[in-house]
Each structure stands twice: as C-alpha cells, then as structure tokens.
Amino acid sequence: TKAEMEKVCKGRHFAWAKVILLDFLLCRDTSRGIGAEALDLFSAKLGSEARARAQSCDWIVWFDADLMVVDHNKRIDAFPGFSTKDMILGE
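Residues numbered from 1 in each chain as written. Predicted model: local features only at pLDDT ≥ 70, side-chain atom pairs only at ≥ 80, totals over all residues. Heavy atoms only, no water.

Positive phi, normally seen in glycine, also occurs at Lys10, with a value near 50 degrees. Within the fold, Lys10 resides in the loop between helix H1 (2-9) and helix H2 (16-26). (Helix = DSSP H or I, 4+ residues; strand = E, 2+ residues; numbered from the N terminus.)

The following block contains the structure:
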C-alpha cells in the first residue's frame with residue numbers, strides 16, 4: 001500500500017524501495033539499518049524462504065521496466081566486468 005511504501009522509503013521517492021528490498025533479500029545482516037518497518041513488511045510479504053533463495057544464487061540481475069534489450073543473442077556474462085566485479089550498476 002502507499003502507507004507501507006512511505007514507511008519503507010522514509011520520505012524518499014518510492015523508487016528507493018527496490019534498493020531496500022535488495023538489501024533485505026541479499027544481506028544476511030539485517031541489523032545494518034534497513035529499518036524495522038521495512039524488515040517487518042518484507043518479512044511478512046516474502047518470508048524467509050525468498051531470502052534464502054536469493055542468498056543462494058550465484059548472481060542476480062535487475063532490469064527496470066524502462067530497459068530495452070536490443071541484442072537477445074548476447075550473453076549476460078559477456079558484459080565487461082561481469083566476472084570480476086561484485087556489483088555493476090548502469091544508468
């Protein structure tokens with residue numbers, strides 16, 4: 001709900017919820033500061049099974065809704081830095 005998103009994002013734009021969600025899913029130490037509201041909300045909505053699955057993955061790729069893939073033949077692991085970096089961000 002809108003009220004839940006406002007609590008999770010703490011006054012920031014709702015786009016910040018995806019950052020907090022990834023932090024919840026991927027970080028084993030949730031005491032780092034995602035906030036009690038976010039921890040409670042995501043725990044209730046997703047549960048520990050979703051966290052365990054996310055944490056057991058070799059890699060995770062996030063595509064925003066406005067992304068356009070133009071070459072479906074190019075493998076994701078062919079991108080520069082894919083094998084040497086823990087995180088790659090692009091805009």
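Text resumes after the structure shown.
Our focus in this paragraph is helix H3 (residues 36-55). Compared with the 28 Å implied by 1.5 Å per residue over 20 residues, the 20 Å span of H3 between its first and last C-alpha is markedly short. Leu46 marks the point of greatest bend in H3, at about 85 degrees. Of the positions making up H3, those classed as buried are Ala38, Leu41, Phe42, Ala50, Arg51 and Ala54. Contacts made by the buried residues of H3 are with H1 and H2. (Expected span 1.5 Å × (residues − 1). Bend = angle between axes of the 7 residues up to and from the residue. Buried < 20%, exposed > 50% of the residue type's maximum accessible area, 1.4 Å probe, protein only. Contact = heavy atoms within 4.5 Å.)

Pairs of packed helices are described in terms of their axes, by the angle between the two and the distance that separates them. It is at 8 Å that the axes of H1 and H3 come closest, and there the two elements cross at 130 degrees. Judged on the interaxial angle alone, H3 and H1 are oblique. Of the residues in H3, those touching H1 at Glu4, Lys7 and Val8 are Glu37, Ala38, Leu41, Phe42 and Lys45. Its residues assigned to classes, the contact of H1 with H3 comprises four nonpolar, no polar and four charged. (Axes fitted to C-alpha atoms, helices over the stretch in contact; angles between N-to-C directions. Parallel < 35°, antiparallel > 145°, perpendicular 65-115°, else oblique. Nonpolar A, V, L, I, M, F, W, Y, C, P; charged D, E, K, R; others polar.)

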